[in-house]
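Geometric and topological summary
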Amino acid sequence: QVQLVESGGGLVQAGGSLRLSCAASGRTFTMYTMGWFRQAPGKEREFVAAISWSGGNTYYADSVKGRFTISRDNAKSTVYLQMNSLKPEDTAVYYCAAKGGVTATTTRGYDYWGQGTQVTVSS
């Protein structure tokens, strides 16, 4: 069992930056691939970024590539999402998730989810 707690969301103007954090507790953090997803009102949850257990491989949705960076600190059992050049369309609840095995870019296979943190980008 893994518990995930996100933090760092908030209100920011377009063009600004935020850094989300997701602290994990429970089983060994390095057993898990970590992902960030987001869900805007009335829309399905969508993939944002993922990182392998070692941090050596990262994956991004086309919509955030070049603006967002996922990273992890295994010593702190924490994964981060640095979000730069934010746009109003980035407004959503952001969730971190954990899965065993290979990295995935869909919600399927992610076994553990945080409660989410709201990101609002004003124009």
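In the block above lies the structure referred to throughout.
Residues numbered from 1 in each chain as written. Predicted model: local features only at pLDDT ≥ 70, side-chain atom pairs only at ≥ 80, totals over all residues. Heavy atoms only, no water.

This part takes up the sheet that holds strand β3 (residues 18-26). The four strands are arranged β1-β3-β8-β7 in an open sheet whose pairing can be described as antiparallel. Bordering the open sheet on either side are β1 (2-7) and β7 (68-73), each of which pairs with just one other strand. On average, each strand axis in the sheet is tilted by 15° relative to the strand beside it, whichever way the strands run. Of the strand pairs in this sheet, β1 and β3 are connected by six bridges, and their pairing is antiparallel. Bridge pairing links serine 7 to serine 21 in β3. (Pairing = 2+ DSSP bridges. Helix = DSSP H or I, 4+ residues; strand = E, 2+ residues; numbered from the N terminus. Axes fitted to C-alpha atoms, helices over the stretch in contact; angles between N-to-C directions.)

This next bit is on the nonpolar core. Counting residues in each nonpolar core, the largest one holds 36 residues, and the members touching the most others are Leu4, Met34, Trp36, Leu81, Met83 and Tyr94. Where this core is concerned, the elements lending two or more residues are β1, β3, β4 (32-39), β5 (46-51), β7, β8 (78-83), β9 (92-100) and β11 (117-122). Non-local contacts of methionine 83, meaning those with residues more than four positions away in its chain, are made with Gly16, Ser17, Leu18, Leu20, Arg67, Phe68, Tyr94 and Val119. (Core = buried A, V, L, I, M, F, W, Y, C linked by side-chain atoms within 4.5 Å. Buried < 20%, exposed > 50% of the residue type's maximum accessible area, 1.4 Å probe, protein only. Contact = heavy atoms within 4.5 Å.)

Further remarks concern the side chain of arginine 72. Structurally, the position occupied by arginine 72 is in strand β7. There is no salt bridge for the buried arginine 72, and the closest opposite charge comes from aspartate 73, which lies 8.4 Å off by N-O distance. Among the polar contacts made by the side chain of arginine 72, one reaches the main-chain carbonyl oxygen of phenylalanine 29 at a distance of 3.1 Å. Engagement of the side chain of arginine 72 in a polar contact is seen with the backbone oxygen of serine 52, the distance being 2.9 Å. When residues no more than four places from it in sequence are discounted, the contact partners of arginine 72 are Phe29, Thr30, Tyr32, Thr33, Met34, Ile51, Ser52, Trp53, Gly55, Thr78 and Val79. (Lys, Arg positive; Asp, Glu negative; His and termini not counted. Salt bridge = Lys/Arg side-chain N within 4 Å of Asp/Glu carboxyl O. Polar contact = N/O pair within 3.5 Å; in protein donor to acceptor, adjacent residues only side chain to side chain.)

These figures capture arrangement, not role.
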